Amino acid sequence: MPVEPRRGPGDRPGRPSTTRRYTGSGTARESNARYRQLVADGATDLSVAFDLPTLTGHDSDAPVASGEVGRAGVAIDSLDDMRVLLAGIPLDRVCTSLTADAPASLLLLLHQLVAEEHGIGAGLLRGAVRNDVLQEYVARGACIFPPKPALRLATDVFTYCGAEMPRWDTLVVSGHLMAEAGASPAQEIAFTLADGIAYVRAALAAGLDVDAFAPRLSFVLMTRTTVHEEAAGLRTARRIWARVMREEFGARAPGSLMPPFRARAGAGQHGDGPLGGRCPEEPGTPLSGARAAGRTVDGIEEAAVALMRKIEDLGGAVAAIEHGYQRDELGDHACRVSREAGPRKRVAAGVDGPRLGGAEPHGPVRAAPPIETGQAERLAKLRAWRNQDRVDRHLAGVQKAAAGDDNVLYPMKEALSAGATVGEVCDALREIWGTYAPGGPR
């Protein structure tokens, strides 16, 4: 089971790192048993993995979810599921990480609602939600809405947590997923930092102060083959980010200029080791190694900056996504790597990401039918006993906020509390914002 050392929300450099266990599969009850055991064993940080239907805003009984329910994470359809998932967990003492991007807002609110039912105020909750919606369009494909409204929803999470959940970290920019999709070191850094810039601009447009928002960001990049390559990537990213934050946004706080940058082993690398980049300035590193890393940094930085300038020329990260720029660049890089590798080794870009209903190399691997059946039965019971008029009224409130400028999370919380499902809330938003069509204009 992967173990991720991480900065606890509210922690700052110089304080001890913590670890979190990334787990979750099948039903909420099955995952809860695992979490309770971890807590009993002394864990203070938990990281929740959600299944693909949840991550793409579909309920477990939706036809498109067939075969995916509970497969790669836990199925969460409603507040009732979240109650079961978190039963017996001391939410005022455990730091919870929600590994979700597109539906981050809903899962965050469900977590808050369960805590409040136990008398734990939102201000006491510690945790993090990945909420990196922009990488989904480039790296994984688990998208719900088009890029612009998705970014708006992510920004609503920033402002909501700033007002209601100040100890909660609202964004982890996941560059390592770019690398897993086939990005070169320069592409990984350029696309990741361009996304980070887009988030900062959106936060500023929403009225947040740069030195209040930017320190809540963190970045995760892919570990590389050698210590010098890994250090070069981390140093390059830190250097570019500090310059952009200082020169473009006028940031002054140390946390704004130097948020946590960590390295993580990818899915195809042995060990899936800890975050936390190794640095050539560490004691005992030969000076020649540091010099080599410095030369590598300069080369990667030049290439990354050139890519970032191209993204800016297209209008920023969101506009570049809509033009398919990053996906095209990944595809071109994969073709170059394949040509250089020769006929015995071909590399394919993994830019299409997970898809509901898609076949895998050895055929679809279906979840055990009882999981889907059980979730469908739970949903049927929920819809039978809830007050449908109340649900409809609050879903209409969600749509009204989405069509205007109000923060969507407040009416969304009311809808979820009334018994609306994750899929129903996302469907209500789809009616206003539409759905994502891969490729976009070229």
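Fair warning: this is a prediction, and the values are worked out from it, not measured in the lab.

J.: Help me out: how do you make sense of the overall build of the chain in this one?
T.: Counting its secondary structure elements, the chain contains 18 helices and 9 strands. Relative to its full complement of 442 residues, the chain shows a buried share of 57%. The long-range share in the chain, meaning contacts at least 24 apart out of those at least 6 apart in sequence, stands at 77%. Of the roughly 18,500 Å² that the chain leaves accessible, carbon and sulfur atoms contribute 52%.

J.: Mind showing me how you'd approach the sheet that holds strand β8 (residues 217-222) here?
T.: On the basis of which strands lie adjacent, the open sheet formed by 3 strands has the order β7-β8-β9 and parallel pairing. With partners counted over all chains shown, the strands left at the sheet margins are β7 (171-174) and β9 (261-264), one partner each. Neighbour to neighbour, the strand axes of the sheet diverge by 30 degrees on average, direction disregarded. In the sheet, β7 pairs with β8 via 4 bridges, with the strands oriented parallel. In the strand pairing of β8, V173 is matched with F219. Against the sheet, helix α8 (residues 185-205) touches β7, β8 and β9, its axis set at about 165 degrees to β8. Where helix α10 (residues 227-247) meets the sheet, its contacts fall on β8 and β9, and the angle it forms with β9 comes to roughly 150 degrees.

J.: Mind showing me how you'd approach the pattern of salt bridges here?
T.: Oppositely charged side chains are able to pair whenever their charged atoms sit close together. Tallied over the full model, the rule gives 19 salt bridges. Among the salt bridges present, the one from E312 reaches R201, with a minimum N-O distance of 2.9 Å. A residue pair is termed long-range when its members are at least 10 positions apart, and E312 in helix α12 (residues 287-313) and R201 in helix α8 qualify at 111 residues. The salt bridge partner of D427 is R430, with a shortest N-O separation of 2.7 Å. Of this pair, D427 and R430 both sit in helix α18 (residues 422-433), separated by 3 residues, roughly a single helical turn. The exposure class assigned to D427 is partly exposed, which follows from its relative accessible area of 40%. Residue classification places R430 among the buried positions, given a relative accessible area of 14%. Each of the salt bridges in this network shares a partner with another, and the network as a whole consists of D59, D61, R383, R386 and E424.

J.: How should I be thinking about the packing of aromatic side chains in this particular structure?
T.: By convention here, two paired aromatic rings are described through the distance between centres and the angle between planes. For the structure on display, the rule yields 8 aromatic pairs. With a centroid separation of 4.7 Å and 80 degrees between ring planes, the pair formed by Y137 and Y436 is classed as edge-to-face. Of this pair, Y137 sits in helix α5 (residues 133-140) while Y436 sits in the segment after α18, and the two are 299 residues apart along the sequence. Like Y137, the residue Y436 is buried in the burial classification. One aromatic cluster in this structure is built from F158, Y199 and F213.

J.: Sorry if this is basic, but what is going on with the packing of helix α6 (residues 147-164) against α8 here?
T.: Relative orientation and spacing of two packed helices are given, respectively, by the angle between their axes and the distance between those axes. Running from N to C, α6 and α8 cross one another at 65 degrees; their axes reach a closest spacing of 10 Å. Like other packed secondary-structure pairs, α6 and α8 cross with a definite hand, here right-handed. Taking contact as the criterion, the partners of L151, T155 and F158 in α6 are, on α8, A198, Y199, A202 and A203. In the contact of α6 with α8, the residues fall into 6 nonpolar, 1 polar and no charged.

J.: Would you take a moment to explain the environment of A203 for this structure?
T.: With respect to the secondary-structure elements, A203 resides in helix α8. The sequence separation of A203 and T155 amounts to 48 residues, and the corresponding C-alpha distance is 6.0 Å. Not counting residues within four places of it along the chain, the set of residues in contact with A203 comprises T155, F158, L208 and F213.

J.: Help me out: how do you make sense of unusual backbone geometry in this one?
T.: Most peptide bonds take the trans form, and the phi angle of most residues other than glycine is negative. Despite not being glycine, N131 shows a phi value in the positive range, around 60 degrees. In this fold, N131 is placed in the loop between β5 (127-129) and α5. Residue classification places N131 among the buried residues on the basis of a relative accessible area of 2%.

J.: Whenever I open this one, the pairing of β9 confuses me. Can you help?
T.: Regular strands have side chains that alternate between both faces of the sheet. The alternating pattern of β9 places F261 and A263 and R262 and R264 on opposite faces, both of which are buried. As paired elements, β8 and β9 share 4 bridges and run parallel to each other. Residue pairing in the sheet places L221 in a bridge with A263 of β9.

J.: For this particular structure, what's the right way to read the pairing of strand β3 (residues 45-49)?
T.: Within β3, 5 of the 5 residues are buried, which leaves the element mostly enclosed by the surrounding structure. Residues D45, S47 and A49 point to one face of β3 and L46 and V48 to the other, with burial holding for every one of them. Judged from the 5 bridges that link them, β3 and strand β4 (residues 95-99) form a sheet pairing that is parallel. Paired with A49 across the strands is T99, a residue of β4.

Criteria and cut-off values
- Residues numbered from 1 in each chain as written.
- Predicted model: local features only at pLDDT ≥ 70, side-chain atom pairs only at ≥ 80, totals over all residues.
- Heavy atoms only, no water.
- Helix = DSSP H or I, 4+ residues; strand = E, 2+ residues; numbered from the N terminus.
- Buried < 20%, exposed > 50% of the residue type's maximum accessible area, 1.4 Å probe, protein only.
- Contact = heavy atoms within 4.5 Å.
- Areas by Shrake-Rupley, 256 points an atom, 1.4 Å probe, with all protein chains shown as cover.
- Pairing = 2+ DSSP bridges.
- Axes fitted to C-alpha atoms, helices over the stretch in contact; angles between N-to-C directions.
- Salt bridge = Lys/Arg side-chain N within 4 Å of Asp/Glu carboxyl O.
- Phe/Tyr/Trp six-rings, centres within 6.5 Å; stacked < 30°, edge-to-face > 60°.
- Left-handed = near helix turned anticlockwise from the far one by under 90°.
- Nonpolar A, V, L, I, M, F, W, Y, C, P; charged D, E, K, R; others polar.

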